Amino acid sequence: TLLNRSSYGANVELTPEGELVYERCVEILALVDATVREGLPHKGKTLEQLHVGASRTVGDHLLPAVLRAFSDACPAAVISVTIGNTQQVCDWLRGGEIDIGLIEGRNMYYDFERADFYTDQLILVAAPSLAAGITSFNPAKLGELPWITRESGSGTRQYQRDFLTSSQIKVSSQIECNSNTANAELARQGLGVTLIS
């Protein structure tokens, strides 16, 4: 609940959580305004190309909506996108190959300025044939199943590793693949369990 109504009248006040959301919204809108102001064409010049790097999960799920909003605000922009994993995006940004990087990984590979812009959830998925044998959360049983994981350098893999460690799940076998779509299909085919956005 982000609003509280005073019992003494009709006043509505923000809760502490609401204040936090409001402050973040003000910061985000200020960043968007600054980006538009600094990036819009000046004195008849066209906007330079914007090269965006995105991790695969961001690229698959969030990037289209972000680019739609940016294109609406800056219709003259020439946008190019390169998709990789979190580590690759950080490397490209460090090397000046991209102008901005959008990643889901928590662990930064370099000392960049970072702004969180979206909260996502990962869910544990398995084909019905594998899931049927798990009636409750059982770390030992989950560890016996094959796991499908992303490649080294992937933010999703970081989160999966953290989940397995914190849940004390010891994985005996795994399949590694650098595609979210392929990983979901591998899970659907019953080749293992995985975490997907």
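In this text, all values refer to a predicted model and were calculated from it rather than measured experimentally.

The rules behind each value
Residues numbered from 1 in each chain as written. Predicted model: local features only at pLDDT ≥ 70, side-chain atom pairs only at ≥ 80, totals over all residues. Heavy atoms only, no water. Helix = DSSP H or I, 4+ residues; strand = E, 2+ residues; numbered from the N terminus. Contact = heavy atoms within 4.5 Å. Areas by Shrake-Rupley, 256 points an atom, 1.4 Å probe, with all protein chains shown as cover. Salt bridge = Lys/Arg side-chain N within 4 Å of Asp/Glu carboxyl O. Buried < 20%, exposed > 50% of the residue type's maximum accessible area, 1.4 Å probe, protein only. 1 Å grid on protein atoms, 1.4 Å probe; cavity = no way out; pocket = protein on both sides within 12 Å on 5 of 7 lines; lining within 4 Å. Points joined across faces, edges and corners; volume = space filled by probe spheres on them. Nonpolar A, V, L, I, M, F, W, Y, C, P; charged D, E, K, R; others polar. Phe/Tyr/Trp six-rings, centres within 6.5 Å; stacked < 30°, edge-to-face > 60°. Pairing = 2+ DSSP bridges. Axes fitted to C-alpha atoms, helices over the stretch in contact; angles between N-to-C directions.

Caption draft 1: Representation of the overall build of the protein within the structure. Helix and strand counts for the protein stand at eight helices and nine strands. Relative to all contacts within the protein whose residues are 6 or more apart in sequence, the contacts with residues 24 or more apart total 67%. Summing over all exposed atoms, the protein offers an accessible surface of approximately 12600 Å²; the carbon and sulfur share of this is 53%.

Caption draft 2: Local environment of the pattern of salt bridges. Summed over all chains, the structure comprises seven salt bridges. Between Arg157 and Glu176 there is a salt bridge, with its nearest N and O atoms 2.7 Å apart. Here Arg157, found in helix α7 (residues 155-166), pairs with Glu176, found in strand β8 (residues 174-176); they are 19 residues apart in sequence, far enough to count as distant. The partly exposed category is assigned to Arg157, whose relative accessible area is 22%. Classification of Glu176 as partly exposed rests on a relative accessible area of 46%. Arg188 is the salt-bridge partner of Glu185, the closest N and O atoms lying 2.8 Å from each other. On the criterion of helical spacing, the pair formed by Glu185 and Arg188 is a turn pair, its members being three residues apart in helix α8 (residues 180-188).

Caption draft 3: Here's a closer look at the layout of surface pockets. Counted as a void, the largest pocket has a volume near 2000 Å³. Along the wall of the largest pocket there are 50 residues; nearest its centre are Ile100, Leu102, Ala115, Asp116 and Phe117. Where the lining of the largest pocket is concerned, the elements lending two or more residues are α1 (16-39), β3 (49-55), α2 (56-61), α3 (63-73), α4 (86-94), β5 (100-102) and α7. Counting residues per element, the lining of the largest pocket draws most heavily on α1, at 10 residues. Looking at side-chain class alone, the lining of the largest pocket contains 30 nonpolar, 10 polar and 10 charged residues.

Caption draft 4: Expanded view of the packing of aromatic side chains. The tally for this structure, following the rule as stated, stands at one aromatic pair. Here the aromatic rings of Trp147 and Phe163 are separated by 6.4 Å at their centres, their planes lie at 45 degrees, and the arrangement is tilted. Of this pair, Trp147 sits in strand β7 (residues 147-149) while Phe163 is found in helix α7, placing the two residues 16 residues apart along the sequence. Overall, Phe163 belongs to the partly exposed group, its relative accessible area being 23%.

Caption draft 5: Summary view of the sheet that holds β3. Read across the sheet, three strands follow the order β4-β3-β5 without closing on themselves; strand pairing throughout is parallel. Each of the sheet's edge strands pairs with one partner strand only, and the pair in question is β4 (78-84) and β5. Across this sheet, the average inter-strand angle for adjacent strands is 25 degrees, counted without regard to direction. Relative to β4, β3 is paired through seven bridges, and the arrangement is parallel.

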